[in-house]
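Here is how the chains run, residue by residue.
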Amino acid sequence: MRADRLVAVLLLMQGRGRVTAAEVAAELEVSVATARRDLEALGRAGVPVYPQPGRGGGWQLVGGARTDLTGLTAGEARALFLLAGPAAGAVPEGRSALRKLVRALPRTFRGEAEAAAGSVVLDPAGWGAHATAAPPLVAAVQDAVIRRDRLRLEYQRRGERSSRLVDPLSLVNKDGIWYLIAGTDRGRRTFRLDRVTAAEPTGETFERPADFDPAAAWREVVGAMERRRAAESAVVLIATHLLPVLEDQQGRHCTVLGTADDGRTRVRITAPTSRMIAQQLAGWGAELEVVEPESVRAELARIGAELLARYRGTASSS
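Let me begin by describing the structure that accompanies this report.

The rules behind the values
Residues numbered from 1 in each chain as written. Predicted model: local features only at pLDDT ≥ 70, side-chain atom pairs only at ≥ 80, totals over all residues. Heavy atoms only, no water. Axes fitted to C-alpha atoms, helices over the stretch in contact; angles between N-to-C directions. Helix = DSSP H or I, 4+ residues; strand = E, 2+ residues; numbered from the N terminus. Parallel < 35°, antiparallel > 145°, perpendicular 65-115°, else oblique. Left-handed = near helix turned anticlockwise from the far one by under 90°. Contact = heavy atoms within 4.5 Å. Nonpolar A, V, L, I, M, F, W, Y, C, P; charged D, E, K, R; others polar. Patch = residues over 30% accessible without salt bridge, like charges linked within 9 Å, V, L, I, M, F, W, Y side chains within 5 Å. Areas by Shrake-Rupley, 256 points an atom, 1.4 Å probe, with all protein chains shown as cover. Salt bridge = Lys/Arg side-chain N within 4 Å of Asp/Glu carboxyl O. Lys, Arg positive; Asp, Glu negative; His and termini not counted. Charge placed at Lys NZ, Arg CZ, Asp CG, Glu CD. Buried < 20%, exposed > 50% of the residue type's maximum accessible area, 1.4 Å probe, protein only.

1. A look at the packing of helix α10 (residues 274–281) against helix α11 (residues 294–311)
- Relative orientation of the contacting elements α10 and α11 amounts to 55 degrees, with a least axis distance of 8 Å. Judged on the interaxial angle alone, α11 and α10 are oblique. In this structure, the crossing between α10 and α11 has a hand that is right-handed. In this structure, α10 uses Ser-274, Arg-275, Ile-277, Ala-278, Gln-279 and Leu-281 to contact α11, whose residues at the interface are Ser-295, Val-296, Glu-299, Leu-300, Arg-302 and Ile-303.
- Residues belonging to the contact of α10 with α11 are distributed by class as follows: six nonpolar, three polar and three charged.

2. Notes on a positive patch on the surface
- A grouping of Arg-157, Arg-158, Arg-164, Arg-186, Arg-189, Arg-227 and Arg-228 is seen on the molecular surface, where their side chains present a positively charged patch.
- In this structure, Arg-157 sits in strand β4 (residues 149–157).

3. So, the pattern of salt bridges
- Counted by the stated rule, this structure contains 12 salt bridges.
- Between Asp-143 and Arg-147 there is a salt bridge, and its shortest N-O distance comes to 3.0 Å. In this pair, Asp-143 and Arg-147 both sit in helix α7 (residues 138–147), four residues apart, roughly one turn of the helix.
- The exposure class assigned to Asp-143 is partly exposed, which follows from its relative accessible area of 35%.
- A residue is classified by how much of its surface remains accessible, and Arg-147, at 54% relative accessible area, is exposed.
- We note a salt bridge from Glu-299 to Arg-302, for which the minimum N-O separation is 2.8 Å. Placement of both Glu-299 and Arg-302 in helix α11 is noted, with a separation of three residues, approximately one turn of the helix.
- Judged by its relative accessible area of 17%, Glu-299 falls in the buried class.
- What emerges from the salt-bridge pattern is a single network uniting Arg-275, Glu-299, Arg-302 and Glu-306.

Listed below in structure tokens is the structure:
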């Protein structure tokens, strides 16, 4: 798009001070004639640029004029590229945009900006797991969020299909899973994009609520989900040296309560159901002890009895 190119030309002039049409053409990968037309278009649009003919000449911003686009401090530039660098590698357009931004920065900033952009590698796959690919509809839904286009979603959950008319407000990527926060006729709802089978624009636009804060809205979603996931709890005793392993496994669903009389650590474990707590703790065997409730102890006894029945005699025979 020409508008994008004109902004890139302006950034380039700001970073270098003076440019020739040939330099602009090389940087933006266009013809010299196109670059010259773009430079002239900036002047006609009111940007204070002027050409200097002859050897050593070129195009320059009058009086060193600047825009707010790259009026960055060195620290701001470094922080920007530290954030943008890892994500930019995901798509060719991102890599191209990052290169152009680096070239548009003042020369004194470029070294640190490039180093920051390459200082972090993102690996979205957990240990022993495959990287999850983004659902195919992410790009279309993201475009609708930006353009404020109302969508009709075809949604499938637990084998049931439904059609929803939604106002897409914000996208969230949590641990490789994409969610859409959207307005509906029943209030704000959250949809997993890997359960969306179709997202069709209706041709209507909507106004995003002026007080909508994507980060705050997502915190509400997370809070509600974690409360549901912590509906049941159990108190367990575990050797103190094993506590870091349990905490790493259970995350925010593990709360240290104190030290028991025998020196072990008392911990509260939460999950949606007693059975799920037992399933998560069964692999610890006798290394931890469930004190309460009786429902979790009963589930562990059931799991143990099933395993014993299945594998009785295996150890002695081997």
